[in-house]
There are 2 protein chains.
Amino acid sequence: MRVVAGLALSLGLAAACQPKAETPEQAQARMDTETTAARTAIDSLDREFAQHFNQGHADLVAGMYTEQAHLMPPNMPVVVGRDAIKTGLAPFFAMKAELKLTADAVVANGPLAVERGTYALSFTPPGATAPMTDTGKYLVHWHLIDGKWLLADDIWNSDLPAMPMGPPAKNP
Amino acid sequence: MRVVAGLALSLGLAAACQPKAETPEQAQARMDTETTAARTAIDSLDREFAQHFNQGHADLVAGMYTEQAHLMPPNMPVVVGRDAIKTGLAPFFAMKAELKLTADAVVANGPLAVERGTYALSFTPPGATAPMTDTGKYLVHWHLIDGKWLLADDIWNSDLPAMPMGPPAKNP
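Everything quoted here is computed from the prediction, not taken from an experiment.

Observations concerning the overall build of chain A
Within chain A one finds 5 helices and 6 strands. Ordered by position from N to C terminus, the α and β elements of chain A give α-α-α-β-β-α-α-β-β-β-β. Burial analysis of chain A (172 residues in total) assigns 42% to the buried set. For chain A, the proportion of contacts with a sequence separation of at least 24, taken over those separated by at least 6, is 54%. For chain A, the exposed area adds up to about 8,600 Å²; of that, 62% sits on carbon and sulfur atoms.

See below:
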């Protein structure tokens, strides 16, 4: 009898203590907390990104991407990986590009986050005497690796009819 | 004595059965499973999207977006919400646009998914006698609402130097 009771208790304990899926409410509460934390981290990383970019530190900018990140600039093919991203930034630096990023929405769940934002980019094309300004929107897929948010996918496009944000040689 | 034992048992049960955070390995295994399922769902939704788009069903295409979705076409401002998206599609339908979508990577965690892909779009601009083709890349933030994946953020740009994919009036 005591064996049966003990067995029943063990089974009861095992059933009660199986890893349980979160309820939708628990998942939403956790995501809200993670999103708030990711928002703070990403706002800070956006400032860091713009600072490195505006100072022409290609290494530091490229280091903010994942090893196999996809950079998707308008009017040119996708750029894959940190080394290619570093090289791809050179034309911007040659134009003394000045970038400002503003996150408009961030959503996170565990190691996955999405940021939607807007940018303003001033640059002086070769031969120009005054800087031009482009404004547009972007979407970034961030991934948390070893406690650090890195850009995994980065795509943007211009709001302006005739000024796609690409290296000068590729512009119409 | 039996009360103390019962209390200890209750406390033990309560401690053992607190909701536990997943281990990183458990989280990764769950995300892998969810990603596989999301990939299948999104491949199917991409085909459905292209079918509705190519048949000029603006209502059905717009219905695949969340209520407050952000559509971010190149060379024009962001389009916010289903109604505006429906209106914004009209120029494409007027050009008999034919769209093909290919998902290159999907990652999901719970109700959040990111899709990176490539598109090919054939269209016949007003006055043209033969269709033109644009190719490019896109990033979509999908959100699972009531068991259905909907587009929450959708951005793309062209791989081609001089043919941004926008409505004809806005093109350079």
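Topic: the packing of aromatic side chains
Here the structure, examined in full by the defined rule, presents 8 aromatic pairs over all chains. Between Phe49 of chain B and Phe53 of chain B, the aromatic rings sit 6.3 Å apart at their centres with planes inclined by 15 degrees, giving stacked as the arrangement. Taken together, the residues Phe49 of chain B and Phe53 of chain B, both in helix 2 (residues 24-54) and 4 residues apart, mark about one turn of the helix. Taking relative accessible area as the criterion, Phe53 of chain B reaches 4% and is therefore assigned buried. Through a chain of ring-to-ring contacts, three or more aromatic side chains come together here, namely Phe49, Phe53, Tyr65, Phe92 and Phe93 of chain A.

What about the pattern of salt bridges?
If you walk through the whole model with that rule in mind, you get 14 salt bridges over all chains. The shortest N-O distance in the salt bridge between Arg39 of chain A and Asp43 of chain A comes to 3.1 Å. Placement of the pair is Arg39 of chain A and Asp43 of chain A together in helix 2 (residues 24-54), with a separation of 4 residues, close to one helical turn. Arg39 of chain A gets classed as partly exposed once you look at its relative accessible area, which sits at 29%. Taking relative accessible area as the criterion, Asp43 of chain A reaches 24% and is therefore assigned partly exposed. In this structure, Lys86 of chain B engages Asp59 of chain B in a salt bridge whose closest nitrogen and oxygen atoms are separated by 3.1 Å. One end of the pair, Lys86 of chain B, is in helix 4 (residues 82-88); the other, Asp59 of chain B, is in helix 3 (residues 58-62), and 27 residues separate them in sequence. Several salt bridges share partner residues, and in doing so they unite Glu22, Arg30 and Glu34 of chain A into one network.

Description of the sheet that holds strand 1 (residues 65-72) of chain B
Two orientations exist for strands paired in a sheet by backbone hydrogen bonds: parallel and antiparallel. Taken in spatial order, the 6 strands line up as 2-1-6-5-4-3 (chain B) in an open sheet, and their pairing is mixed. The open sheet has two edge strands, strand 2 (79-80) and strand 3 (98-109) of chain B, and neither has a second partner.

Digging into the sheet that holds strand 2 (residues 79-80) of chain A
All names here are of chain A. Strand order in the open sheet formed by 6 strands is 2-1-6-5-4-3, and the pairing between neighbours is mixed. Either end of the sheet is taken by a strand with one partner, and the two such strands are strand 2 and strand 3 (98-109). In the sheet, strand 1 (residues 65-72) pairs with strand 6 (residues 148-158) via 4 bridges, with the strands oriented parallel. Its bridge partner being in strand 6, Tyr65 is matched across the sheet by Leu151. The strands that helix 2 touches are strand 1, strand 3, strand 4 (112-123), strand 5 (132-145) and strand 6; relative to strand 3, the one it contacts most, it runs at about 165 degrees.

Brief notes about the pairing of strand 4 of chain A
Residues and elements named next belong to chain A. Within strand 4, 9 of the 12 residues are buried, which leaves it mostly tucked inside the rest of the structure. Of the pairings in the sheet, the one linking strand 3 to strand 4 comprises 11 bridges and is antiparallel in character. Opposite Ala105, over in strand 4, you have Arg116 as the bridge partner. The turn linking strand 3 back onto strand 4 is made up of 2 residues, and Gly110 within it adopts a positive phi angle of 60 degrees. Note: strand 4 against strand 5, 12 bridges, orientation antiparallel. From the neighbouring strand, Thr118 faces strand 5, where its bridge partner is Lys137.

A look at the confidence of the model for chain A
Any segment with low pLDDT has predicted coordinates that should not be analysed in fine detail. All names here are of chain A. Residue-level pLDDT values for chain A average 86, and 82% of them are 70 or greater. In this model residues 163-172 is a low-confidence stretch, pLDDT under 50, and it forms 31 contacts with partners more than four residues away in sequence or in other chains. Taken together, the chains of this predicted complex give a pTM of 0.84 and an interface ipTM of 0.84.

Things to note about unusual backbone geometry
Residue and element names in this part refer to chain A. If you check the backbone angles, Asn75 has positive phi at about 65 degrees while not being a glycine. Here Asn75 shows up in the loop between strand 1 and strand 2. The phi dihedral of Lys96 falls on the positive side, at around 50 degrees, and the residue is not glycine. Here Lys96 is to be found in the loop between helix 5 (90-94) and strand 3. You can call Lys96 exposed: its relative accessible area is 68%.

Concerning helix 2 of chain B
Residues and elements named next belong to chain B. In this model, helix 2 (31 residues) spans 43 Å end to end at C-alpha, consistent with the 45 Å of a helix rising 1.5 Å per residue. For helix 2, the full list of buried residues reads Ala27, Met31, Thr35, Ala38, Ile42, Leu45, Asp46, Phe49, Ala50, His52 and Phe53. Once helix 2 ends, the next one or two residues include Gly56, with phi positive near 75 degrees.

Calculation rules
- Residues numbered from 1 in each chain as written.
- Chains lettered and ligands numbered in written order.
- Predicted model: local features only at pLDDT ≥ 70, side-chain atom pairs only at ≥ 80, totals over all residues.
- Heavy atoms only, no water.
- Helix = DSSP H or I, 4+ residues; strand = E, 2+ residues; numbered from the N terminus.
- Buried < 20%, exposed > 50% of the residue type's maximum accessible area, 1.4 Å probe, protein only.
- Contact = heavy atoms within 4.5 Å.
- Areas by Shrake-Rupley, 256 points an atom, 1.4 Å probe, with all protein chains shown as cover.
- Phe/Tyr/Trp six-rings, centres within 6.5 Å; stacked < 30°, edge-to-face > 60°.
- Salt bridge = Lys/Arg side-chain N within 4 Å of Asp/Glu carboxyl O.
- Pairing = 2+ DSSP bridges.
- Axes fitted to C-alpha atoms, helices over the stretch in contact; angles between N-to-C directions.
- pLDDT = per-residue confidence, 0-100.
- Expected span 1.5 Å × (residues − 1).

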